[in-house]
Amino acid sequence: MTLPRSVKYAIIGAGVHGLSTALHLAQMLKKGGRGSGADILVVDKGSIGAGASGIACGVVRNNYYQPAMRELMAHSVEVWESDPKAYSYHPVGYMQISPEVMHEQVGTIHEQQKAIGYESVFIEGAADCQKYMTGLFDDWQAKGITSVLHEKKGGYANNTASLYGLANKAEAEGVRILSGVEVTDFEFGSNSGAVTALVTNRGRVACDHVVIGAGPWVIKLWDMLELPKAITIKGRDGKVHENVPMWKFWCLEEGTLGVDPEMHKTNDGRMPPVIHVDTDAPLYSDVDGSLITDKLWGLYYKPDFNFGGIQGGASPYKVDQDPDKVAIDPYGPDSPDFIVGDDFIHMWCSMLAHCQKRFEGKISLYKHKERSGGLGCFTPDNFPVFDTFRENVYVIADSNHGYKMIGVGKLVAQELMGEKSKLLEPFRFGRFAKGELHPTSHSPFPWS
Ligand SMILES: Cc1cc2nc3c(=O)[nH]c(=O)nc-3n(C[C@H](O)[C@H](O)[C@H](O)COP(=O)(O)OP(=O)(O)OC[C@H]3O[C@@H](n4cnc5c(N)ncnc54)[C@H](O)[C@@H]3O)c2cc1C
């Protein structure tokens, strides 16, 4: 397919956000009699799923301490549920299993889930939690647990399959998706700051509107837009912090234990919910019994036929480098720097064994050949920025929360059609200067 010389809507990135925006925008243009998918071009320097969306574990959950995130996730779950087959979505539910230090905060999540009609069960107290968990898995043995939030909705989806589901639907609406087209710069209007064209490795494309869904590469597109590298933030305490770097990187660590995924069914033979455990109980090695950590730790896992085993991860680590110098490419499993090593494998397999007896002594089955993990680019408060810059550039910077947020593209499309979204309002860039920051939780993960 040749590169068009001009297009009304140019979308950069064929990940979950770019593709979801393209699909929903095409549908809305057609419905409103204002155009069609033929007005939309998606370009990707790699291909569909070449970024974070294509390697995501695929967990879809509502469990967030921030009310605005919960409402947004509930909206996204509706989108997943609208076509589970095309999106390869498995609505098995999700469990947040927590220690006492998180008990109260998770309790408020449950209360607010009730308020928005998102079905969940909340179990409190060590004995009742143990009873609930052994009712599901007779070998449950995690220690230090005093609350269990069992979300009945959510679950997980298969990463690339869902992206092709989105892409097929978008192409059926007339959207063009071009691989191997890298945006290297923008042209700006002479009388305004608006972008008038994309400059790419395959030529120039004039455009009226730009949407950026570039995942971890957002930092590069942000620079091309000449947006600030450092910003001023009014903290929740009212203090003003100057010169805070706009972007930072964390490395996500994930892996697969190469056992039969069927071995992790519930007592009654069903596919289990996605399990997320945080605990402050000491973690001992499943290999030699040595202490791995006595600090708060967490893991998540699910049986996954796509990955071929029990797939999941643990808390990510901060990349301690100048964000401008972090090597994002080659990305994901192809990166020589940002993939998991033996320490992660030892720790994660020991975590699995800590939680369920069936995983004891299984470390030798870890799938070493399947390299996993990858970078995420985070905002200063670790929450998304969904906003318009330079008059006609919509930036979707999800701060790595985002595979589950398939519904964001639908809301962005709505905004491109001229209708403001209440759900996106708490994620504007202006919140940093105004001090309208999201509350933070006690979770060891930066995105809870
Ligand atoms: C290991 C890992 C596990 C994760 N697990 C989960 C999970 O279980 N649940 C969850 O909700 N989230 C998860 N995430 C986070 C989630 O994957 C991301 O937040 C989300 O996929 C980002 O989507 P995106 O569309 O913004 O970007 P991406 O999927 O990264 O897509 C961006 C695309 O833009 C293209 N691109 C970049 N620069 C240019 C350019 N200059 N020109 C043209 N194209 C360009 C890239 O090639 C890429 O294909 C995980 C992330 C990682 C790394």
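Up top you'll find the structure we're talking about.
First things first, this report covers the structure right here in the doc. (Residues numbered from 1 in each chain as written. Predicted model: local features only at pLDDT ≥ 70, side-chain atom pairs only at ≥ 80, totals over all residues. Heavy atoms only, no water.)

### Observations regarding the overall build of the chain
(1) Moving on: Helix and strand counts for the chain stand at 9 helices and 23 strands.
(2) Moving on: Computed over its C-alpha atoms, the radius of gyration of the chain comes to 22 Å, within 12% of the 22 Å expected for a compact globule of 448 residues.
(3) Moving on: Projecting the C-alpha coordinates of the chain onto the three principal axes gives extents of approximately 65 × 50 × 45 Å.
(4) Moving on: Put simply, the chain has 448 residues, and 57% of those count as buried.
(5) Moving on: Counted over contacts in the chain with a minimum sequence separation of 6, partners at least 24 positions apart contribute 75%.
(6) Moving on: Working note: accessible area of the chain is about 17,800 Å², and carbon and sulfur atoms make up 50% of it. (Helix = DSSP H or I, 4+ residues; strand = E, 2+ residues; numbered from the N terminus. Rg over C-alpha atoms; globule rule 2.2 N^0.38 Å. Buried < 20%, exposed > 50% of the residue type's maximum accessible area, 1.4 Å probe, protein only. Contact = heavy atoms within 4.5 Å. Areas by Shrake-Rupley, 256 points an atom, 1.4 Å probe, with all protein chains shown as cover.)

### Remarks on the pairing of strand E14 (residues 240-245)
(1) Moving on: Sparse coverage of E14 is indicated by the burial of 0 of its 6 residues.
(2) Moving on: Where strand E13 (residues 230-234) lies against E14, 4 bridges are found, and the strand directions are antiparallel. Looking at the pairing, Lys234 lines up with Val240 of E14.
(3) Moving on: Turn length for the E13-E14 hairpin, with the two strands adjacent in sequence and antiparallel, is 5 residues, and the turn residue Gly238 shows positive phi of about 90°. (Pairing = 2+ DSSP bridges.)

### Some words on the sheet that holds strand E3 (residues 59-60)
(1) Moving on: Strand order in the open sheet formed by 3 strands is E3-E8-E4, and the pairing between neighbours is antiparallel. Of all the strands in the sheet, the pair left with one neighbour each is E3 and strand E4 (89-90).
(2) Moving on: Relative to strand E8 (residues 155-157), E4 runs antiparallel, the two being bridged by 2 bridges. Paired with His90 across the two strands is Tyr156, which belongs to E8.

### Comments concerning the pattern of salt bridges
(1) Moving on: Here the structure, examined in full by the defined rule, presents 18 salt bridges.
(2) Moving on: One salt bridge connects Glu81 with Lys153, and the closest N-O pair in it is separated by 3.6 Å. Note that Glu81 is positioned in helix H2 (residues 67-82) and Lys153 in the loop between strand E7 (147-151) and E8, a separation of 72 residues in sequence.
(3) Moving on: On the basis of relative accessible area, Glu81 is assigned to the partly exposed category, the value being 33%.
(4) Moving on: A residue is classified by how much of its surface remains accessible, and Lys153, at 26% relative accessible area, is partly exposed.
(5) Moving on: The partner of Lys302 in a salt bridge is Asp304, and the shortest N-O contact between them spans 2.7 Å.
(6) Moving on: We classify Lys302 as buried; its relative accessible area is 1%. (Salt bridge = Lys/Arg side-chain N within 4 Å of Asp/Glu carboxyl O.)

### Focus: helix H1 (residues 16-31)
Note on helix geometry: an α-helix contains 3.6 residues per turn, so any two residues three or four positions apart are oriented the same way.
(1) Moving on: Taking 1.5 Å per residue as the helical rise, H1 with its 16 residues ought to reach 22 Å, and the 22 Å between its terminal C-alpha atoms agrees with that figure.
(2) Moving on: Extensive coverage of H1 is indicated by the burial of 12 of its 16 residues.
(3) Moving on: Directly beyond the C-terminal end of H1, a positive phi value near 65° is found at Gly33. (Expected span 1.5 Å × (residues − 1).)

### Focus on the site of the ligand
(1) Moving on: The local shell around the ligand holds 39 residues, among which Asp44, Ala52, Ser53, Asp398 and Lys404 are the closest.
(2) Moving on: In the model, an oxygen atom of the ligand is placed 3.1 Å from a nitrogen or oxygen of the His17 main chain.
(3) Moving on: Between the ligand and Asp44, the relevant distance is 2.6 Å, taken from an oxygen atom to a side-chain nitrogen or oxygen of the residue.
(4) Moving on: Calculation on the ligand without its partners gives an accessible area of 1,000 Å², and the protein chains cover 97% of this total.
(5) Moving on: Counting residues per element, the ones that place at least two in the shell around the ligand are H1, strand E15 (248-257) and strand E21 (374-378). (Near = heavy atom within 4 Å. Polar contact = N/O pair within 3.5 Å; in protein donor to acceptor, adjacent residues only side chain to side chain.)

### A few points about the side chain of His276
(1) Moving on: Among the secondary structure elements, His276 is positioned in strand E16 (residues 274-279).
(2) Moving on: On the accessibility criterion, His276 (5% relative accessible area) is buried.
(3) Moving on: A distance of 3.4 Å separates a polar atom in the side chain of His276 from a polar atom in the side chain of Tyr94.
(4) Moving on: A distance of 3.1 Å separates a polar atom in the side chain of His276 from a polar atom in the side chain of Asp278.
(5) Moving on: In this structure His276 touches Tyr94, Met95, Gln96, Ile97, Leu299, Tyr300 and Phe445, once residues within four positions along its chain are discounted.

The analysis is restricted to geometry; functional conclusions fall outside its scope.
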